[in-house]
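# A closer look at the structure
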Amino acid sequence: MDTRTVKLVYFSPTGTTKAVVEGIARGIGPGTPEYLDITTPEARKEPLVARENELLVIAVPVYMGRVPALVHGWLNAIQAQNTPAVCVVVYGNRTYEDALLELQDIIVRCGGVPIAGGAWIGEHSFSCPETPTAAGRPDTDDLRHAEEFGRKIREKLQSVPSVRELPEVQVPGERPYRGDPTLWTIDFISVDDRCTQCGVCREGCPTGAISPDDSSVIDQEKCITCCACIKKCPEHARTMKPGLVMEASKRLNTLYREPKVPEYYL
Ligand SMILES: Cc1cc2nc3c(=O)[nH]c(=O)nc-3n(C[C@H](O)[C@H](O)[C@H](O)COP(=O)(O)O)c2cc1C
């Protein structure tokens, strides 16, 4: 089958999911991919409509072994019509548990037909220079793997006249989904006097938790601890305060040193 349009949707506060999606797009080529970055609240205002002759790639990071609760509403509102779909999760070298299955289930409920899925590794959101976890990932090998996956998706689609002839792909995971997706409501970011109020942190915040009047003021109820503001600050003015997140960062650094490898299912 011929898919004229490839729509690549990603939620990616710290950019690792985005990098994997771009790798997959290079493999799927040729043509102009349509990217839809749903990281900011403004980008999640309009629902996505996808048709049968389009290919949908949907990618999210893993939060607590699950699809981030923040994007559930937007994902569940996708209107697809037998649209072939590729589900991708990116996790911080701990485990992706049931996130890939959960994402696939959402896409099926929206009318998508999952034809492929995969899990990649990205630098952990809680990784910091003192306690790194999966630092620098996805690396060159990960991205080569993502491109290879993209090429295989194209070959799979070209091998059949219609998406209806493709069996639903099986991905790992359990139902009911394990884990507790509840995030911590926690004051864990320290802002020092290097902050110039440039607004980079505010623009990249996926929940609008940073005050437009003062970047050091954070709405704890909205913060999802994604750490994008810490990692994107050009002045390195934002760091982790001692506490739960810093302890988690140390624990991850100790327990998940062995690099995991990407997996895909076709
Ligand atoms: C609240 C939260 C929960 C997370 N839970 C997991 C997890 O269960 N397993 C894991 O391996 N990584 C976990 N991570 C790490 C992210 O999945 C990982 O860093 C990912 O690459 C971030 O994607 P992004 O760069 O697109 O934001 C978590 C990160 C956050 C912020």
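This is a predicted model, so every value here is computed, not measured.

With that settled, consider the domain arrangement of the protein chain. For interface size, the figure often reported is the accessible area lost on association. Annotation of the protein chain at the domain level lists domain 1 (5–177 + 259–265) and domain 2 (189–242). Here the C-alpha centroids of domain 1 and domain 2 sit 27 Å apart. Of the residues lining the interface, 14 residues belong to domain 1; the matching set on domain 2 comes to 14 residues. Together domain 1 and domain 2 conceal approximately 1,000 Å² of surface at their shared face, both sides included; 64% is due to carbon and sulfur atoms. Summed over the three residues of domain 1 that lose the most area to domain 2, namely Pro13, Thr14 and Phe126, the buried surface amounts to 39% of that side. Applying the counting criterion to the domain 1 and domain 2 interface returns 1 salt bridge. Across the salt bridge formed by glutamate 123 and lysine 231, the nearest N and O atoms sit 3.1 Å from each other. The interface formed by domain 1 and domain 2 holds 4 residue pairs in polar contact (both at pLDDT 80 or more) in total. Split into classes, the residues belonging to the side of domain 1 that touches domain 2 amount to 6 nonpolar, 6 polar and 2 charged.

In this section: the pattern of salt bridges. Side-chain pairs of opposite charge can arise where the charged atoms are in close proximity. On inspection of all chains with the given rule, the structure shows 15 salt bridges. Between arginine 66 and glutamate 102 there is a salt bridge, and its shortest N-O distance comes to 3.0 Å. On the criterion of sequence distance, the pair formed by arginine 66 in the loop between strand 4 (54–61) and helix 2 (72–76) and glutamate 102 in helix 3 (residues 99–109) is long-range, its members being 36 residues apart. A salt bridge links arginine 175 to aspartate 105; the shortest N-O distance between them is 2.8 Å. Of this pair, arginine 175 sits in the loop between helix 4 (140–158) and strand 8 (189–191) while aspartate 105 is found in helix 3, placing the two residues 70 residues apart along the sequence. Residue arginine 175 is classed as exposed on the basis of its relative accessible area of 56%. Residues participating in the shared-partner salt-bridge network are Asp98, Glu174 and Arg178.

What counts, and where the lines are drawn
Residues numbered from 1 in each chain as written. Predicted model: local features only at pLDDT ≥ 70, side-chain atom pairs only at ≥ 80, totals over all residues. Heavy atoms only, no water. Domains from an automatic or database assignment. Contact = heavy atoms within 4.5 Å. Buried area = accessible area lost by both parts, 1.4 Å probe. Salt bridge = Lys/Arg side-chain N within 4 Å of Asp/Glu carboxyl O. Polar contact = N/O pair within 3.5 Å; in protein donor to acceptor, adjacent residues only side chain to side chain. Nonpolar A, V, L, I, M, F, W, Y, C, P; charged D, E, K, R; others polar. Helix = DSSP H or I, 4+ residues; strand = E, 2+ residues; numbered from the N terminus. Buried < 20%, exposed > 50% of the residue type's maximum accessible area, 1.4 Å probe, protein only.

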